[in-house]
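If you want the building blocks of each chain, they are given just below.
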Amino acid sequence: MQITSVNGMRVYVPEAKDFNMEVKPSYLLIASQTWKEGAKRDSLSVDELNDLKRRYNFKNMSEKEAVDFMGELVEAGVVSTSTAMAMYLGLIPADSSSGGILTKCDPATEARCDSLRKGFDGMGVGYEGMGGIRTMLSAGGIESYRNWYEYTKLLTTVNVEKSEYFQSGEALLQIFECMNQ
């Protein structure tokens, strides 16, 4: 068991080894370790977009396909590995000047972010089904991702115009819209 503190109280947190469970890393974590980041660029060519559109069913991707798709964007230089992982998982960028905590946030979003922060052990385990690009696209399409992206811009104190995350998010939305045509 691990001991942690929640609201100033010591809490015992069971770990997988306490229950003789084997915890396997997610496909995202395994795949992301093989990605080679390409030279930074803002968009893909028409030919590259058509190739992705031909190979990926944008509206119905499996976890493996969605992760592989993000890996291709990393290798093309459209997003960094860390940004691709954060976007895939549906994480919201934090203001580093405030200790990594959003300084503008409604209670529902703060609760979701807090549960994600507490659940993340750095191993990428346990995030499947919790949200992110694949869930948003399969449930609500591009509009759900655009709404989430725009809403996130309102919640954070990160400089949206200079943030790699938000600039990559805009490029990703453009790619999604091209693939959806």
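It should be noted that the structure appears before, not after, this text.
Quick notes on the rules
Residues numbered from 1 in each chain as written. Predicted model: local features only at pLDDT ≥ 70, side-chain atom pairs only at ≥ 80, totals over all residues. Heavy atoms only, no water. Core = buried A, V, L, I, M, F, W, Y, C linked by side-chain atoms within 4.5 Å. Buried < 20%, exposed > 50% of the residue type's maximum accessible area, 1.4 Å probe, protein only. Helix = DSSP H or I, 4+ residues; strand = E, 2+ residues; numbered from the N terminus. Contact = heavy atoms within 4.5 Å. Axes fitted to C-alpha atoms, helices over the stretch in contact; angles between N-to-C directions. Left-handed = near helix turned anticlockwise from the far one by under 90°. Nonpolar A, V, L, I, M, F, W, Y, C, P; charged D, E, K, R; others polar. Salt bridge = Lys/Arg side-chain N within 4 Å of Asp/Glu carboxyl O.

Draft legend 1. Here's a closer look at the nonpolar core. Counting 39 residues, the largest nonpolar core has Trp-35, Phe-69, Met-70 and Leu-73 as the members making the most contacts within it. Among the elements of the structure, helix 1 (27-32), helix 2 (46-55), helix 3 (63-76), helix 4 (81-89), helix 6 (133-155) and helix 7 (164-179) are those that each provide at least two residues to this core. Considering every element that reaches this core, the biggest residue donor is helix 7, with 8 residues. Setting aside residues up to four positions removed in sequence, Phe-69 forms contacts with Leu-52, Tyr-56, Met-61, Ile-175, Phe-176 and Met-179.

Draft legend 2. Seen up close, the packing of helix 2 against helix 7. Helix 7 packs onto helix 2 with a crossing angle of 65 degrees between their chain directions and a minimal axis gap of 9 Å. The chirality of how helix 2 crosses helix 7 is right-handed. Contacts between helix 2 and helix 7 pair Leu-49, Leu-52 and Lys-53 from the former with Ile-175, Cys-178 and Met-179 from the latter. For the contact of helix 2 with helix 7, the class distribution of residues is 5 nonpolar, no polar and 1 charged.

Draft legend 3. Fine view of the pattern of salt bridges. The final tally for this structure, using the stated rule, is 6 salt bridges. A salt bridge links Glu-72 to Arg-55; its shortest N-O distance comes to 2.5 Å. Here Glu-72, found in helix 3, pairs with Arg-55, found in helix 2; they are 17 residues apart in sequence, far enough to count as distant. In this structure Glu-72 comes out as partly exposed when scored by relative accessible area, which is 26%. The shortest N-O distance in the salt bridge between Asp-68 and Lys-64 comes to 2.7 Å. Linking Asp-68 with Lys-64, this pair stays in helix 3, spanning 4 residues, or about one helical turn. If you follow the salt bridges from partner to partner, you end up with Asp-51, Arg-54, Arg-55 and Glu-72 in one network.

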